[in-house]
Structures are given as C-alpha cells and as structure tokens.
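Chain by chain, the residues run as shown.
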Amino acid sequence: MRHILYSQDVSIEEINTIFASATKLEYEKDDSMKGKIMASLFYEPSTRTRFSFESAMLRLGGSVITTENAREFSSAAKGETLEDSIAVVNYYADLIVMRHYEMGASERASKVSSVPIINAGDGPGQHPTQALLDLYTIQRELGHIDNITIAMVGDLKNGRTARSLAYLLGKYTGITIVFVSPQELGISPDIKSYLEKHNVAYSEVEDLESALPDVDVVYQTRIQKERFESEESYLKHKGRYVITLKQVALLKPTAIIMHPLPRVDEIAPEVDGSPHAAYFKQAKYGVLVRMALLKFVFE
Ligand code: CP
C-alpha cells in the first residue's frame, strides 16, 4: 500500500510515470476508478485541492464522500481522535485525501490506516500533491525541469507548498533556487540541509526586483495569515512582495509566474492577462496530475 505523505518520498522515476499518465489523461477517457470511493477529509479550508481531487476521482469514474470542515462538522468537534476517525473512515472509503492543521497529521493517519492516505496539506508541513502539479506546470510550460533558476517568494517559513516544491526540485540537476523573503519568514534549516546534500545551489535575499531578471520561474506565495500569532505580526509582512506589471517588465521573455493560490494581494490582477502568468494553468494541470496520482496509488 502506498501513502503520499512527503514530496521527497516520490522518486524521479515515479514522477515521470505520473507526469506521462497526466499528459495522456488530458485526451483519453479512463474509468479505472469505477467502484472505488475516495474520502476527502479536510480539517482546514480549501478550494483547489479538495475540488480538484474530487473532480479527478469523478472523471475517472469513481465516487466521493466528503467533509469540507471536519474540524467543526466531523466528530473531531466532539473530541474524537484523528486515529479513531481514520480507523472508522477506513470502512467507508478505499483512499483518504486529508488536510489537517497540524504538521505530521497525515503521517499519524498513515500509521493506523488500512487504506492509502494522501497528504493534502498538514499545517505548515508539506503539500506534496501541490508540489507535483507545480513541477508538472514547469515541465509543460518550459519544456524541462533541469537547469532552471527559480525564485520562491513570500512566507517561506510557513508556506508548505514552497517547502514541498524545494524538496522535489532537489531531485533534479542544474537547479538554482533564490529564496526571497523577509529574514523572519525565511526557508527553514531542514530544506537548506536537504538542498546542500543534493548539491542544489541556493541563495537567500530580501529584495525581489534584483532577483527577477535572472529567473525562469517566479513562485510567488501568500503571507500565511493563519499561521501568525497576532494580526499585528501578520500585518507587518502583508504587502511586502507584490508583483505588478512593473515587476513583470523585469522578467526574461520566457519566464513564467506561478502561485499555488489562493492569492491575497501578492499578484495584481493586471498581471493575469500577461503571457508570463501561469497560475491559473496550474489549477488545470492539478486535475490531470491528481487523476494520474489516484491511478498510481491504486496500481
Ligand atoms: N493551493 C491550494 O492548496 O489551494 P487550496 O487551499 O484552495 O486547496
């Protein structure tokens, strides 16, 4: 049985298999999930991840049971442990896609689950399926993943998508990562040691504009309001990095702008029509990658 908990656990060969399958699924009809049930168990808000997993399962002929606010509307609100909830949902579904507010919650669930667990975000921990669709977007839009320079921008301390993507990029060659953040919200030491171990060149800067002319990908992220202790400390960083057409003008003609979304104010709507904007395409690619991932988990 295969759980998907952390992006570093997926090998390059497996990524290639998933991406080839995702590309095929764009045009081929496939109902290989017929008779299977996916439970989406979300203890934190989501638009893209929950809907795209559910869309993926339905497009593959499978069925879905779902709770969109498990923290309030599941028996967690009555004090049920995560372990008990998982043990019970095991009888209702063949796979559980889970988002939780605590780091490590998916791993905890996997220890008691008799069906595969997919981590759809565990607090400030990881979001491996987002990283897979981000990587797939890079491959589709640039034609390659090796030898790219990427700026990861924003709240890199609390942003699980940047963490998961950095872990995945560590598997490729010729990667350069420029982490752009205020010092207080810098990328954490576990990612830096992983990148050093995998010979990935990285630097940390605070100024966005100086990084833009050299990059192939700008990976913009939101300041993660829900992870701050006070409104005051959040407001100190809100609006720190905003991409407008002024910043877009600094990019190479082939560079793409990505964002896992949701956005707050980090990319001005005037950028949406730019040929550099790839953030809504990520949502489209996300369904294909999640379809491929569902097939992969059940193979
Ligand atoms: N990118 C992402 O995880 O979006 P949601 O929070 O809407 O699922």
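Treat the numbers as computed from the prediction; the structure is a model and nothing was measured.

## Quick look at the overall build of the chain
Working step 1: In terms of helices and strands, the chain carries 11 helices and 9 strands.
Working step 2: Relative to the compact-globule value of 19 Å for 299 residues, the chain shows a C-alpha radius of gyration of 19 Å, a close match.
Working step 3: Seen through its C-alpha atoms, the chain measures out along the principal axes to roughly 55 × 45 × 40 Å.
Working step 4: The burial tally for the chain puts 56% of its 299 residues in the buried class.
Working step 5: On the chain, roughly 12,900 Å² of surface is accessible, and the fraction owed to carbon and sulfur atoms is 51%.

## Description of the site of the ligand
Working step 1: Lining the immediate surroundings of the ligand are Ser 46, Thr 47, Arg 48, Thr 49, Arg 99, His 127, Gln 130, Pro 260 and Leu 261.
Working step 2: In this structure, an oxygen atom belonging to the ligand sits 2.6 Å away from a side-chain N or O atom of Ser 46.
Working step 3: Note that an oxygen atom of the ligand is positioned 2.9 Å from one of the side-chain N or O atoms of His 127.
Working step 4: Surface burial for the ligand is 92%, taken as the share of its 260 Å² of free accessible area covered by protein chains.
Working step 5: Taken atom by atom, the bulk of the ligand overlaps the largest pocket.
Working step 6: Partitioning the shell around the ligand into residue classes produces 2 nonpolar, 5 polar and 2 charged.

## Here we look at the environment of Glu 28
Working step 1: Relative to the helices and strands, Glu 28 is located in the loop between helix 1 (12–25) and strand 1 (37–42).
Working step 2: Spatially, the C-alpha atoms of Glu 28 and Leu 185 are 43 Å apart, while their sequence positions differ by 157 residues.

## Side note on the packing of aromatic side chains
Working step 1: If you walk through the whole model with that rule in mind, you get 7 aromatic pairs.
Working step 2: Ring centres 6.5 Å apart and planes at 75° place the aromatic pair Tyr 43 and Tyr 101 in the edge-to-face group. Taken together, the positions of Tyr 43 in the loop between strand 1 and helix 2 (48–59) and Tyr 101 in the loop between strand 3 (95–100) and helix 5 (105–112) put the pair 58 residues apart, joining distant regions of the chain.
Working step 3: For Tyr 101, a relative accessible area of 28% corresponds to the partly exposed category.

## Quick notes on the pattern of salt bridges
Working step 1: Summed over the entire model, instances satisfying the criterion amount to 22 salt bridges.
Working step 2: Close ionic contact of Arg 2 with Glu 14 constitutes a salt bridge, the shortest N to O distance being 2.7 Å. With a gap of 12 residues between them, Arg 2 in the segment before helix 1 and Glu 14 in helix 1 connect regions that are remote in the sequence.
Working step 3: A salt bridge links Asp 265 to Lys 238; the nearest nitrogen and oxygen atoms lie 3.2 Å apart. In this pair, Asp 265 is assigned in the loop between strand 9 (256–258) and helix 11 (279–298) and Lys 238 in the loop between helix 9 (231–237) and helix 10 (245–248), connecting sequence segments 27 residues apart.
Working step 4: Taking relative accessible area as the criterion, Lys 238 reaches 36% and is therefore assigned partly exposed.

## Here's the deal with empty space enclosed by the protein
Working step 1: Tallied over the entire structure, the rule returns 1 cavity of 30 Å³ or more.
Working step 2: The volume enclosed by the largest cavity comes to roughly 70 Å³.
Working step 3: Taken together, 13 residues form the lining of the largest cavity, with Ile 223, Gly 239, Tyr 241, Asp 265 and Glu 266 sitting closest to its centre.
Working step 4: Among the residues making up the lining of the largest cavity, the classes are represented as 4 nonpolar, 5 polar and 4 charged.

## A closer look at the pairing of strand 6 (residues 176–180)
Working step 1: Judged by how many residues are buried, strand 6 sits mostly within the fold: 4 of 5 residues are covered.
Working step 2: The pairing of strand 6 with strand 7 (residues 201–205) spans 5 bridges and is parallel. Across the sheet, residue Val 180 finds its bridge partner in strand 7, namely Val 205.
Working step 3: The handedness of the strand 6 to strand 7 crossover, carried by helix 8 (residues 189–197), is right-handed.

Conventions we followed
Residues numbered from 1 in each chain as written. Predicted model: local features only at pLDDT ≥ 70, side-chain atom pairs only at ≥ 80, totals over all residues. Heavy atoms only, no water. Helix = DSSP H or I, 4+ residues; strand = E, 2+ residues; numbered from the N terminus. Rg over C-alpha atoms; globule rule 2.2 N^0.38 Å. Buried < 20%, exposed > 50% of the residue type's maximum accessible area, 1.4 Å probe, protein only. Areas by Shrake-Rupley, 256 points an atom, 1.4 Å probe, with all protein chains shown as cover. Near = heavy atom within 4 Å. Polar contact = N/O pair within 3.5 Å; in protein donor to acceptor, adjacent residues only side chain to side chain. 1 Å grid on protein atoms, 1.4 Å probe; cavity = no way out; pocket = protein on both sides within 12 Å on 5 of 7 lines; lining within 4 Å. Sits in = over half its atoms within 2 Å of the grid points. Nonpolar A, V, L, I, M, F, W, Y, C, P; charged D, E, K, R; others polar. Phe/Tyr/Trp six-rings, centres within 6.5 Å; stacked < 30°, edge-to-face > 60°. Salt bridge = Lys/Arg side-chain N within 4 Å of Asp/Glu carboxyl O. Points joined across faces, edges and corners; volume = space filled by probe spheres on them. Pairing = 2+ DSSP bridges. Right-handed = clockwise from strand over helix to strand, strands pointing away.

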